[in-house]
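Structural characterization, general
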Amino acid sequence: MRTTVHQVREDGAGLAELAGLVDSGALRLRVHAAYGLQEVRAAHERFRAGGPDGKIVVTF
């Protein structure tokens, strides 16, 4: 298992730029599966199973 730490800083202009790239199709998101907060255990189990070709997303 690998963990990483990310420092996050608010950047509205940067977020708007990223959203524009996604909306235009220039940046493609690779999401393997999305889970609701109530399904966080299933999301974790899917992650531990390995092999996804995209991100495992938990929406709040």
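Computed from a predicted model, the values in this text were never measured in an experiment.

The rules we used
Residues numbered from 1 in each chain as written. Predicted model: local features only at pLDDT ≥ 70, side-chain atom pairs only at ≥ 80, totals over all residues. Heavy atoms only, no water. Helix = DSSP H or I, 4+ residues; strand = E, 2+ residues; numbered from the N terminus. Rg over C-alpha atoms; globule rule 2.2 N^0.38 Å. Buried < 20%, exposed > 50% of the residue type's maximum accessible area, 1.4 Å probe, protein only. Pairing = 2+ DSSP bridges. Right-handed = clockwise from strand over helix to strand, strands pointing away.

Side note on the overall build of the protein
The helix and strand tally for the protein stands at two helices and two strands. For 60 residues, the compact-globule estimate of 2.2 N^0.38 gives 10 Å, and the protein exceeds it by more than 25% at 14 Å. Expressed along its principal axes, the backbone C-alpha trace of the protein runs to roughly 35 × 25 × 25 Å. In the protein, buried positions account for 10% of the 60 residues.

Structural notes on the pairing of strand β1 (residues 31-36)
Side-chain positions along a regular strand alternate between the two faces of the sheet. As paired elements, β1 and strand β2 (residues 55-59) share five bridges and run parallel to each other. When the sheet's bridge partners are listed, Val-31 is paired in β2 with Lys-55. In this fold, β1 hands off to helix α2 (residues 40-49), which returns the chain to β2; that crossover is right-handed.

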